Protein chains: 4
Amino acid sequence: MSKIKVGIIGATGYVGAELVRGLAVHPQALITVLTSRSFAGKKFSDVYPAFDGICDLTLTDAAPAQVAEQCDLVITALPHGVSSVTVPMLLNAGVRVIDHSGDFRYRTLSSYTESYKLEHPCPELLSEAVYGIPELYRKQLIGAKLTANPGCYPTCSILALAPFLRHSLIKADGIIIDALSAVSGAGRKADLPFSFCELDESFKPYSVINHRHTTEIEQECSILAGKDIKVTFTPHLIPVKRGMLATIYAEPAASDGSCSLSALREALESDYANEPFVRLKNGSALPSTGAVVGTNYIDISVDHDPRTGRIKIMSAVDNLGKGAALQAIQAMNSMFGLPETTGLQNMTSGL
Amino acid sequence: MSKIKVGIIGATGYVGAELVRGLAVHPQALITVLTSRSFAGKKFSDVYPAFDGICDLTLTDAAPAQVAEQCDLVITALPHGVSSVTVPMLLNAGVRVIDHSGDFRYRTLSSYTESYKLEHPCPELLSEAVYGIPELYRKQLIGAKLTANPGCYPTCSILALAPFLRHSLIKADGIIIDALSAVSGAGRKADLPFSFCELDESFKPYSVINHRHTTEIEQECSILAGKDIKVTFTPHLIPVKRGMLATIYAEPAASDGSCSLSALREALESDYANEPFVRLKNGSALPSTGAVVGTNYIDISVDHDPRTGRIKIMSAVDNLGKGAALQAIQAMNSMFGLPETTGLQNMTSGL
Amino acid sequence: MSKIKVGIIGATGYVGAELVRGLAVHPQALITVLTSRSFAGKKFSDVYPAFDGICDLTLTDAAPAQVAEQCDLVITALPHGVSSVTVPMLLNAGVRVIDHSGDFRYRTLSSYTESYKLEHPCPELLSEAVYGIPELYRKQLIGAKLTANPGCYPTCSILALAPFLRHSLIKADGIIIDALSAVSGAGRKADLPFSFCELDESFKPYSVINHRHTTEIEQECSILAGKDIKVTFTPHLIPVKRGMLATIYAEPAASDGSCSLSALREALESDYANEPFVRLKNGSALPSTGAVVGTNYIDISVDHDPRTGRIKIMSAVDNLGKGAALQAIQAMNSMFGLPETTGLQNMTSGL
Amino acid sequence: MSKIKVGIIGATGYVGAELVRGLAVHPQALITVLTSRSFAGKKFSDVYPAFDGICDLTLTDAAPAQVAEQCDLVITALPHGVSSVTVPMLLNAGVRVIDHSGDFRYRTLSSYTESYKLEHPCPELLSEAVYGIPELYRKQLIGAKLTANPGCYPTCSILALAPFLRHSLIKADGIIIDALSAVSGAGRKADLPFSFCELDESFKPYSVINHRHTTEIEQECSILAGKDIKVTFTPHLIPVKRGMLATIYAEPAASDGSCSLSALREALESDYANEPFVRLKNGSALPSTGAVVGTNYIDISVDHDPRTGRIKIMSAVDNLGKGAALQAIQAMNSMFGLPETTGLQNMTSGL
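Residues numbered from 1 in each chain as written. Chains lettered and ligands numbered in written order. Predicted model: local features only at pLDDT ≥ 70, side-chain atom pairs only at ≥ 80, totals over all residues. Heavy atoms only, no water.

## A closer look at the relation of the copies chain B and chain C
- For the pair chain B and chain C, the relating rotation is 180 degrees, the translation along its axis is 0.0 Å, and the fit reaches an RMSD of 0.0 Å. Taken together, the rotation angle and the small translation identify this as a two-fold axis. Among all residues of chain B, the one whose C-alpha sits closest to the rotation axis is B:Asn346, at a distance of 3.2 Å.
- A share of 100% of interface residues in chain B that are also interface residues in chain C marks the association as one of identical surfaces. (Least-squares fit on C-alpha atoms with pLDDT ≥ 70 in both. Contact = heavy atoms within 4.5 Å.)

Laid out in structure tokens, this is it:
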């Protein structure tokens, strides 16, 4: 099989760079074009010296149609509102697309409009797009034309909740997701609040009401639960480069509040036993971001607090890995009929 | 007035060092003796070079009675189970005591025994000890012989919850406290899991079931609520030196779930308007640990999530400051009839 | 004595904020006006929430003459080229000035022009300005009208070299200064290379040829050596908020290369025995930035490498403390006839 | 070709873990045995949860001969003095060895004894061992039985100096190496000075006289220079997990002190043009540890300071990568006749 020719639009952001890192060691992918408005004309490795000798492609500001000519797949790492304009051009030019924005993640136009406060130029694509969590939408990804890569918080939250919602082990109402993110989640930008001295050695909540990822989490959890649900979501900013952790609180589904920890763990085991990128923590082991940074893994644990009856579900991902670029490569593998782990087993985390 | 002569038993841990930092700039306190088993014979500033020229006292391993001879007040920074043996000796020797362990924080022997799995050698002192949050026990602290300085998580949680429990604005049941702590909360020790490379750039939950501070939080919240309550508590470890944040979830007390954000904020304002060390964040401002590190402040905010009806209360302290040593100095001021802010207005946080 | 009324022009940069931190706990100083072009109209504590309750002055964009009306002393924390225009206005308005830029640090116009590539609008002030290292220019500071506060690298380097140059214990030629700085040395700005993710967990040299502080170091070392000398200087950027370290290499002055370590240490001791903010490290102890952060101290050590004959001098300061704002307060104390340590003994470093 | 069966003795230190990380993605290597005294019986991934699913081998405390039975190559990551006893047993058992200690890095017994203050039990192996920098000893590595993997500081220093010494562009005397290391260079251990709170946000020099790596650097530089030379070496500790930087000062070889920057850069280019893991920085670009972390690259720059005539050479490596484990894999490739880059092109650095 000839290699998949991949272009990345918006290649110099942190998601773009992680895509390059992953694709550079992928045995069946070939990066053919990288675009950047700000750095067009420079080599990718001038912008990211770490890639000197690994990816020295010259960045272009080629139009979508031109990019499409050199690609089987284009991955867009663009802001919402920009993706919705660019992606149709790419699809029309005959390539497949994985998009990283929020523009194609919603099943209904109203959810999108409510969350992003934008008109959608091509609402008809919402039904065509596959929500790119392979563990949930594996079949739909095979041969998909357009994949909407999920947000980092949604990936970390939905995969942690899925077995319990699917098996009706937790109440669909009253779920609380308390989440911690590394700074790279905010993207690559010259912005005083994200400068080193403003963040170093300090941590804090942000966007505590109506963070956009809330509705995305709710959409998928509602599908899993088979009923419309709302979640309480609070993100926090932690002074590290990469990593994301969700601590999720739920109540047992049983009307008497009873709960079996072993039933909870069996649900995790049965749903994820064959998943190559889901690792379960049992006993006293708990997820830690250090164990997933640089990889496509999600680590999950579940516990039951007998004092209060609450169930605590913890999950950790790399916000740029399973939370973004590496999950996109996992989806790409499915879309192109490759084993899902192709290339991704090279993405390991050390010390 | 002559200065208060203060001794610190267990002076070389992080709480001990922060006590020295605070007392060294206190105009009405004089450090007379510092003890350490491991470093006896060395100067305090040999153990902490930052204190060279600030506190060069030689550390001793003097017995409690000897320490008492040189002091009006002894502050103990000892492990639980050790304090309960040492503190009675100090009281018997005629000095007043502020203790940092869990040994004197409980009102009932059973709560202590359940939480710490230890016999208590002097349970009669439990009723005499004052729980050292000045904002709650100001009157009792005046002239107190024994103050039990609260845990860091309890200080951060209880002060954030107090106005809402006291004014019955939140349900007493179902409170969830999701808390983040800096590494210094674990104390000063040679322990592989707390070595630099094991923690740097990684964050994680720990002790997710039955952390000891849970029962301490419950005791004080139950008193405030006027009924016996349980809380769900989850601590996390963040790779910074100092700082603590609590994100607390509660439900409105009204049976119909209705909630007035302005009523919540008025409760905060009315209870804390005259408190010198409680700062309220309104509008879009939120607590951040960077703003309280090195100080005795607690910063608090409250919000209401209209999607789910949940109330979110956030609070930040320095785990060594308001969460430990500086709050002890605030309590000392009360115990000795000084204005509560004495010395503490010098403890500021910069960049 | 009534308090010194102090204004700060350019108060919201990191040096400005550290000045506020120091002056807020200074018993003989009163901050009367803070200016900011970007944040005029806001409270200082809105820009720096850490100062809520400590300094809530409203920032103004008042002209220098207006600022001067409310002050005995104005401290300028402005870029070079801006200070040289602003400072004469302040002096003309009758206040004394401490300036933090490079505009008044040079004895000769040519050195300034060579280093900063700028015309100087008031070269006559160069001879009037006192170079604000109190350990070197204490007498001149008493009653001075204009103090040029030194750069952070120069302070850290010059104080470390002074005793050895003054006592002719090292060769004036061939001195190498290898220096490490925290990120706050670059100032407060929205600039991609200084954003958190670009710097975290990485370190590097910068400006390795012709960093501006080189000529400033040379000027003062030349005066100390009594001859014109050049130094080799290399700065590096370290991913922490505060702190600066210089590792200095020099050759023994003796023509046969012989060197007495005890003579070197005696020179340090004799020159600095009575200096309240210079701390000497002997034996195996070495300076560490952690021990000086938040303070006005400089820690210095000297060693001799018998293998190569080289002398190694190490010094550590807080780049915002002794390297900038707190040294300015030390100079202020001298200028206004106060004991040099006034207020600064409250600036301590803890964990 | 069948895969190289590799065992690691001392697998749970940081070098051991990085070896596992590198070998796990190596297409021609198979890890067959991992030993640990402290953790025997546990799975490697229990000690390092990041390796869950990547390397789940059970750790053993098998004797060297037993280890050898399962291996073509054994890599020892043991303390000096232990390696010198273990390695002969392995060689006698018929396997090849790469050793990470200082025990086999010296050409002469006296250098070893002087540096490590130990008797050497098998001095005859000193002449047999190949010093494992492939860029210098490529031919000797082919088919070598015993490779002494260099120290991290020596690798970073020697490769930076080699072209200039070899081409006689710098004076052999008077070289100064000022080096900065991440904390992982100290190894994995429960030791108070290496605990998180003792190091975080602070940096400092250490072992400023007679650090052991000095003699190792001198040995190789002397060979390159063709004369016996001494270097001045100063290491510093920087609060990050991985990375190492050397800033090297040398004088031009020309007796009149003249120096051509282009000649210096040509020497780098000509010597390293075909080296896959040496990257040269020209113009204003400088090495940064962030660009090499996680990889086997060394980044090098050279500059000339016209003010003082000094040459400044900068180099950056990952202390666990090119500075230890990944360089060992590069050497392994040579020893076993594989292309040197095999497996190592998968070791990339992202954000």
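## A look at helix 5 (residues 109-116) of chain C
Residue and element names in this part refer to chain C.
- Of the positions making up helix 5, those classed as buried are Tyr112, Ser115 and Tyr116. Angularly, the buried residues of helix 5 cover 80 degrees about the axis, an arc narrow enough to put them on a single face.
- Residues of helix 5 that are buried make contact with helix 9 (213-225).
- Lys117 sits one or two residues past helix 5 and shows a positive phi near 55 degrees. (Buried < 20%, exposed > 50% of the residue type's maximum accessible area, 1.4 Å probe, protein only. Helix = DSSP H or I, 4+ residues; strand = E, 2+ residues; numbered from the N terminus. Arc of directions from axis to C-beta.)

## Quick look at the sheet that holds strand 4 (residues 96-99) of chain C
Residue and element names in this part refer to chain C.
- Strand order in the open sheet made by the 6 strands is 2-1-3-4-6-5, with parallel pairing throughout. Strand pairing shows two members of the sheet lacking a second neighbour, strand 2 (29-35) and strand 5 (130-131), which therefore form its edges.
- Examined bridge by bridge, strand 3 (residues 73-76) and strand 4 share 4 bridges and lie parallel to one another. Considered in strand 4, the bridge of Thr76 is made with Asp99.
- In the packing of helix 4 (residues 83-92) onto the sheet, the strands contacted are strand 1 (4-9), strand 3, strand 4 and strand 6 (146-148), and the crossing angle to strand 4 comes to about 160 degrees. (Pairing = 2+ DSSP bridges. Axes fitted to C-alpha atoms, helices over the stretch in contact; angles between N-to-C directions.)

## Some points on unusual backbone geometry
- Here B:Lys117, not a glycine, exhibits a phi torsion of approximately 55 degrees, which is positive.
- Following the sequence through the fold, B:Lys117 ends up in the loop between helix 5 (109-116) and strand 5 (130-131).
- Positive phi values are uncommon outside glycine, yet D:Asn210 reaches one of about 65 degrees.
- For D:Asn210, the location among the structural elements is in the loop between strand 8 (204-205) and helix 9 (213-225).

## Some details on the domain arrangement of chain A
Residues and elements named next belong to chain A.
- Examined at the domain level, chain A breaks down into domain 1 (4-128) and domain 2 (153-318).
- Using only C-alpha atoms to locate each centre, domain 1 and domain 2 end up separated by 27 Å.
- Domain 1 puts 15 residues into the contact, and the matching count from domain 2 is 12 residues.
- It is Tyr14, Arg105 and Arg107 in domain 1 that bury the most area against domain 2; as a group they hold 41% of the surface buried on that side.
- The interface formed by domain 1 and domain 2 holds 3 salt bridges in total.
- The salt bridge involving Arg105 is made with Glu216; its shortest N-O contact spans 3.0 Å.
- On inspection of domain 1 and its partner domain 2, the count reaches 12 residue pairs in polar contact (both at pLDDT 80 or more).
- For the side of domain 1 that touches domain 2, the secondary-structure elements that each account for two or more residues are helix 1 (14-24) and helix 5 (109-116).
- Considering only residue class, the side of domain 1 that touches domain 2 consists of 6 nonpolar, 4 polar and 5 charged. (Domains from an automatic or database assignment. Buried area = accessible area lost by both parts, 1.4 Å probe. Salt bridge = Lys/Arg side-chain N within 4 Å of Asp/Glu carboxyl O. Polar contact = N/O pair within 3.5 Å; in protein donor to acceptor, adjacent residues only side chain to side chain. Nonpolar A, V, L, I, M, F, W, Y, C, P; charged D, E, K, R; others polar.)

## A few points about the interface of chain B and chain A
- At the interface, 52 residues of chain B touch 52 residues of chain A.
- Summed over both partners, the interface of chain B with chain A buries about 4,100 Å², with 60% contributed by carbon and sulfur atoms.
- Among the residues of chain B in contact with chain A, B:Glu201, B:Phe203 and B:Arg307 are the three that bury the most area, contributing 20% of the side total.
- Taken together, the connections running from chain B to chain A amount to 4 salt bridges.
- For B:Glu114, the salt bridge goes to A:Arg307, with nearest N and O atoms at 3.4 Å.
- Those elements that place two or more of their residues in the side of chain B that touches chain A are strand 7 (176-181), strand 8 (204-205), helix 9 (213-225), strand 9 (232-237), strand 10 (244-250), strand 12 (298-304) and strand 13 (311-317) of chain B.
- Looking at the side of chain B that touches chain A residue by residue, the classes come out as 23 nonpolar, 16 polar and 13 charged.

## Thoughts on helix 1 (residues 14-24) of chain C
- Summarising burial for helix 1 of chain C: 9 of the 11 residues are buried, a large majority.
- Turning to helix 1 of chain C, the residues buried within the fold contact helix 9 (196-199) of chain A together with strand 1, strand 2, helix 2 (44-47), strand 3 and helix 11 (321-335) of chain C.

## Regarding the packing of aromatic side chains
- In this structure the tally under the stated criterion is 38 aromatic pairs over all chains.
- With 6.3 Å between their ring centres and 85 degrees between their planes, A:Tyr131 and A:Tyr137 make a pair best called edge-to-face.
- With relative accessibility at 3%, the residue A:Tyr131 sits in the buried group.
- An aromatic cluster of at least three residues, connected via ring pairs, comprises A:Phe44, A:Tyr48 and A:Phe51.
- The ring of B:Tyr48 is capped by B:Arg188, whose NZ or CZ atom sits 4.7 Å from the centre of that ring.
- Its end group placed over the ring of D:Phe336, D:Arg96 keeps NZ or CZ at 4.2 Å from the ring centre. (Phe/Tyr/Trp six-rings, centres within 6.5 Å; stacked < 30°, edge-to-face > 60°. Lys NZ or Arg CZ within 6 Å of the ring centre and 35° of its normal.)

## Some words on the pattern of salt bridges
- Counted according to the given criterion, the structure contains 72 salt bridges over all chains.
- Between D:Arg21 and D:Glu18 there is a salt bridge, with the nearest N and O atoms lying 3.1 Å from each other. On the criterion of helical spacing, the pair formed by D:Arg21 and D:Glu18 is a turn pair, its members being 3 residues apart in helix 1 (residues 14-24). Neither residue differs from the other here; D:Arg21 and D:Glu18 are each classed as buried.
- Each member of the salt-bridge network shares a partner with another, and the members are A:Glu18, A:Arg21, A:Arg242 and A:Asp318.

## Quick word on the pairing of strand 13 (residues 311-317) of chain A
Residue and element names in this part refer to chain A.
- Of all 7 residues in strand 13, 7 are buried, a share of seventy percent or more.
- Here strand 13 shows no split at all, with Ile311, Ile313, Ser315 and Val317 on one side and Lys312, Met314 and Ala316 on the other all buried.
- Summarising the sheet, strand 10 (residues 244-250) and strand 13 pair through 7 bridges and their orientation is antiparallel. Residue pairing in the sheet places Thr247 in a bridge with Met314 of strand 13.
- Two elements, strand 12 (residues 298-304) and strand 13, share 6 bridges in a ladder whose sense is antiparallel. Bridging from a neighbouring strand, His304 pairs with Ile311 of strand 13.
- If you look at the hairpin formed by strand 12 and strand 13, you'll find 6 residues sitting between the two strands, and Gly309 has a positive phi there, around 80 degrees.

## A word on the environment of A:Lys241
- By secondary structure assignment, the location of A:Lys241 is in the loop between strand 9 (232-237) and strand 10.
- The exposure class assigned to A:Lys241 is buried, which follows from its relative accessible area of 12%.
- Put simply, A:Lys241 and A:Thr308 are 67 residues apart on the chain and 35 Å apart in space, counted from C-alpha to C-alpha.
- In this structure A:Lys241 touches A:Ala182, A:Val183, A:Ser184, B:Glu201, C:Phe196, C:Cys197, C:Asp200, C:Glu201 and D:Leu351, once residues within four positions along its chain are discounted.
- Within the structure, the side chain of A:Lys241 is placed 3.3 Å from the backbone oxygen of C:Asp200, a separation counted as a polar contact.

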